[in-house]
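Below, each chain spelled out in residue letters.
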Amino acid sequence: MASSTGTTPGAPAAPASEPPTAQQWPNTRESYEIKTVLGHGATATVHKAVCIPRNEDCAIKRINLEKCNTTMEELTKEIQAMCLCKHTNVVQYFTSFVVKDEIWLVMRLLEAGSCLDLIKHMLKRGKGKGGLFEEAIIATILKETLQGLEYLHGHGQIHRDVKAGNILLGSDGTVQLADFGVSSWIATGGDLSRDKVRTTFVGTPCWMAPEVMEQVAGYNAKADIWSFGILAIELATGAAPYAKFPAMKVLMLTLQNEPPNLDSCSENKDEYKKYSKEFRKMISKCLQKDPTKRPSAADLLKSPFFKKAKDKKYLVEGLIEEGLKIRSASQQAVKRVPGSSGRLHRTVDGGWEWSDEELDENSEEGKAASIGRSPRVGANYKEALDQEMGKKKEESEKIEEAAVKSIDATSPEPNSSGDGTEVPLHLVLRLRNASKELHDIRFDFRIDQDTPNGLSQELVKEGLVDGRDVIVVAANLEKVIQNKECKSLTFRLNSGCGVNEVPDDKALIGFANLSVS
């Protein structure tokens, strides 16, 4: 298995102060206690954890080796290279080890979460109109991020997925680049004098450079500069250009249209007038379709715009304290207890929590599990829920497959009782869990509060549905909600079957069933 001290062709020379060794950061599962889920994707889950021997918080990224589309040799080299990176603006990876069919990466914990967490929080409270963050905050985040990119590019590496979700914030004001799941070393043998190019199609469509989309002449580190320009727009407006369109249309619009700018994200051209000419000029430099016309990270740092950047204290007071509150509140929710069946519950703050059917709330275990739980929605909480949900705006979804956006394009018809009160739709999703056991997931759908896309994302976040099935589950939720005559439907899952399994829609092997209870 990869260690934190190996060498890789093209990797930076080991810094004077070596990264922590396996003795300092143990490489066994028993040495870590998993606490909460920080993020969930199709092939990986990130947890907050405690290293027991060191009595120190850390983050652990668990990558499913069966689902990730890479060879073990490539993954080993990638991890070795990541562990050798040491820069104040690049997340430090400490060690790694294999646990069953997963590889666990131990890294520094950034307590305030990602910039995307803060974007969603502000949009949820209707604060995005006219510009999301103040220009000084944006300049500070972007400068720190760009310094991280300069380091990576200087050592022959391109990130290939620069976006708000991969910019993490520490409680001390630290800004760091994370998620090297699609990064790549483009130099070989330590020779950085040659202009190496890549030809693989990776990244998130809305942030992807035109040359990456075209796949004609390949691309180099300048692809990150395009993504950096899109990131700048995202921090100002709350969304990347074309984020509301399906993935294929994003590709088409990016290739056919002129490069986007701040005003591309609004029908009102004066909406973002508070942002300066220096900011707009910096974005324009990044978003040149011809990569040779884009500046390098080092040259871009000389832009007058970055004179507006402040110190860490400013970032803590103006932004990160709010991020810490959000992260603390999100960790209050009760996490799923292993079991065969259960239910998702809406809470008064508009969030969701999971409980197993087997967990009796009146039992000692149930009482223990309810500590810190947000109150569930019921007659006593209706007024509080309405008040909170009245402030809520639809969050700007930025998942890697922008195609999910199109699923919620058509709103379902209202479903109300005779007195005008909304009647929730009681749904049951039946599918096999990781142990191949059938289980039922029960949840309610309320027309004025929920979307198929949002519920599907919650199921993935709780580990109840495979990340590869987020789109298909959302699409079939839409079908059931739109068609009142449809009481049950069975559909194929993208996650498929095991090696020795044969798809069977009756036994729900490689299939799932959604029904109205």
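**Here's the deal with the packing of helix 12 (residues 452-461) against helix 13 (residues 470-482)**
Phase 1: The geometry of helix 12 relative to helix 13 is characterised by a closest axis approach of 8 Å and an angle of 135° between their N-to-C directions. Judged by the inter-axis angle, helix 12 sits oblique to helix 13. Note that helix 12 runs across helix 13; the crossing there is right-handed. In contact with P452, N453, L455, S456, Q457, L459 and V460 of helix 12, helix 13 contributes V470, V473, A474, L477, E478 and I481.
Phase 2: Considering only residue class, the contact of helix 12 with helix 13 consists of 9 nonpolar, 3 polar and 1 charged.

**Quick notes on the side chain of N513**
Phase 1: Inspection of the secondary structure puts N513 in strand 15 (residues 511-516).
Phase 2: In this structure N513 comes out as buried when scored by relative accessible area, which is 15%.
Phase 3: A distance of 3.3 Å separates a polar side-chain atom of N513 from the backbone oxygen of L489.
Phase 4: When near neighbours in sequence (up to four residues on either side) are disregarded, N513 contacts V428, L429, R430, S488, L489, T490 and L508.

**Considering helix 3 (residues 135-154)**
Residues spaced three or four apart along an α-helix face the same direction, because each turn holds 3.6 residues.
Phase 1: If you check helix 3, its first and last C-alpha atoms are 28 Å apart, about what 20 residues at 1.5 Å a residue would give, namely 28 Å.
Phase 2: Within helix 3, 16 of the 20 residues are buried, which leaves the element mostly enclosed by the surrounding structure.
Phase 3: In the stretch just after helix 3, G156 is the one whose phi turns positive, near 80°.

**Structural notes on the nonpolar core**
Phase 1: Membership of the largest hydrophobic core comes to 69 residues, with the highest contact counts inside it found for F133, L142, F228, F279 and M282.
Phase 2: Here this core gets 10 residues from one element, more than from any other, and that element is helix 5 (residues 222-237).
Phase 3: Contact partners of L142, with chain neighbours within four places excluded, come to F228, L231, A232, L235, F279, M282, F305 and F306.
Phase 4: Core analysis: the second largest hydrophobic core is formed by 23 residues, L464, L477, C486 and A512 among them.

**Structural notes on helix 2 (residues 115-124)**
Phase 1: With 8 of 10 residues buried, helix 2 is to be regarded as a mostly interior element.
Phase 2: If you check which residues of helix 2 are buried, you get C115, L116, L118, I119, H121, M122, L123 and K124.
Phase 3: Of the residues flanking the end of helix 2, it is G126, one or two places downstream, whose phi is positive at about 70°.

**Looking at the environment of I34**
Phase 1: Tracing the chain through its elements places I34 in strand 1 (residues 32-40).
Phase 2: Separated by 12 residues in sequence, I34 and V46 have C-alpha atoms that sit 10.0 Å apart.
Phase 3: Ignoring any residue separated from it by four or fewer positions in sequence, one finds I34 in contact with H47, K48, A49, I60 and W104.

**Examining the packing of aromatic side chains**
Phase 1: This structure, assessed with the given rule, holds 6 aromatic pairs.
Phase 2: Ring geometry for W25 and F94: centres 4.4 Å apart, planes at 10°, overall stacked. Residue W25 is found in the segment before strand 1, and its partner F94 is found in strand 4 (residues 93-99); the two are separated by 69 residues along the sequence.
Phase 3: Each ring, one from F305 and one from F306, has its centre 5.2 Å from the other, and the planes form 65°; the classification is edge-to-face.

**Some details on the confidence of the model for the chain**
Low pLDDT means the predicted atomic positions in that stretch should not be read closely.
Phase 1: Per-residue confidence for the chain gives a mean pLDDT of 75; residues scoring 70 or more make up 69%.
Phase 2: For the stretch residues 181-195, pLDDT sits under 50, and the model shows 46 contacts to residues farther than four places along the chain or on other chains.
Phase 3: This model gives residues 357-414 a pLDDT under 50, and the stretch forms 115 contacts once residues within four places in sequence are excluded.

**Some remarks on the environment of N55**
Phase 1: With respect to the secondary-structure elements, N55 resides in the loop between strand 2 (44-51) and strand 3 (56-64).
Phase 2: In this structure N55 comes out as exposed when scored by relative accessible area, which is 65%.
Phase 3: Taking the C-alpha atoms as reference points, N55 and S31, separated by 24 residues in sequence, lie 10.0 Å from one another.

**Comments concerning the pattern of salt bridges**
Phase 1: Going through the model one piece at a time under the given rule, you end up with 14 salt bridges.
Phase 2: Put simply, E56 and R54 hold a salt bridge, and the shortest N to O gap is 3.0 Å.
Phase 3: Two residues, R468 and D466, come together in a salt bridge whose shortest N-O distance is 3.2 Å.
Phase 4: By relative accessible area, D466 is classed as buried at 16%.
Phase 5: Here the residues in one salt-bridge network are E135, E278 and K308, joined through shared partners.

**Looking at the state of the cysteines**
Covalent bonding between the sulfur atoms of two cysteines defines a disulfide.
Phase 1: Applying the stated criterion to the full structure yields 0 disulfides.
Phase 2: Between C58, a free cysteine, and C51, which holds the nearest cysteine sulfur, the sulfur-to-sulfur gap is 6.0 Å.
Phase 3: Look at C58 and you get buried, because its relative accessible area is 0%.

**Digging into the pairing of strand 15**
Phase 1: Among the 6 residues of strand 15, 5 are classified as buried, and the element is accordingly described as predominantly covered.
Phase 2: With 4 bridges connecting them, strand 12 (residues 425-432) and strand 15 associate as antiparallel partners. Its bridge partner lying in strand 15, L427 is registered against V516.
Phase 3: In the sheet, strand 14 (residues 488-492) pairs with strand 15 via 5 bridges, with the strands oriented antiparallel. Within strand 15, the residue paired with T490 across the bridge is N513.

Conventions adopted
- Per-chain numbering applies: the sequence of each chain, read as written, is numbered from 1 onward.
- Per-residue local features are limited, in this predicted model, to residues with pLDDT of at least 70; the limit for side-chain atom pairs, both in listing and counting, is 80 or more; totals at the level of whole chains, interfaces and linings are taken over all residues.
- Only hydrogens and water are removed before side-chain values are computed, so all heavy atoms of the structure are retained for them.
- In this analysis, axes come from line fits to C-alpha atoms, helices being fitted only over the stretch in contact, and the angle between any two N-to-C directions falls in the range 0 to 180 degrees.
- Going along the chain from the N terminus, every DSSP run of H or I of four or more residues is numbered as a helix, and every run of E of two or more is numbered as a strand.
- Oblique is the label for any angle not covered by the other classes, which are roughly parallel (under 35 degrees), roughly antiparallel (over 145) and roughly perpendicular (65 to 115).
- Left-handed describes a crossing in which the near helix is turned anticlockwise from the far one by less than a right angle; the clockwise case is right-handed.
- Whether two residues are in contact is decided by their heavy atoms: any pair within 4.5 Å suffices.
- Lys, Arg, Asp and Glu make up the charged group, whereas Ala, Val, Leu, Ile, Met, Phe, Trp, Tyr, Cys and Pro make up the nonpolar group; the residues left over, Gly among them, are polar.
- Working definition: with a 1.4 Å probe on protein chains only, accessible area under 20% of the residue-type maximum means buried, over 50% means exposed, and in between means partly exposed.
- A 3.5 Å cut-off defines polar contacts: any pair of N or O atoms within that distance qualifies, except that in protein one atom must be a possible hydrogen donor and the other a possible acceptor, and neighbouring residues in sequence count only when both atoms are side-chain atoms.
- Here the expected length of a helix is defined as 1.5 Å per residue gap, with one fewer gap than residues.
- Only buried Ala, Val, Leu, Ile, Met, Phe, Trp, Tyr and Cys residues count toward a nonpolar core, and they belong to the same one when joined by side-chain atoms within 4.5 Å.
- Side-chain rings of Phe, Tyr and Trp (the six-membered ring for Trp) are treated as a pair once their centres are within 6.5 Å; stacked means planes under 30 degrees apart, edge-to-face means over 60, and tilted covers the remaining angles.
- Residue-level confidence of the predictor is what pLDDT reports, using numbers from 0 through 100.
- The term salt bridge refers to a side-chain nitrogen of Lys or Arg lying within 4 Å of a carboxyl oxygen of Asp or Glu.
- Put simply, a disulfide is two cysteine sulfurs that come within 2.5 Å.
- Pairing between strands is defined by DSSP: at least two bridges between the two strands are required.

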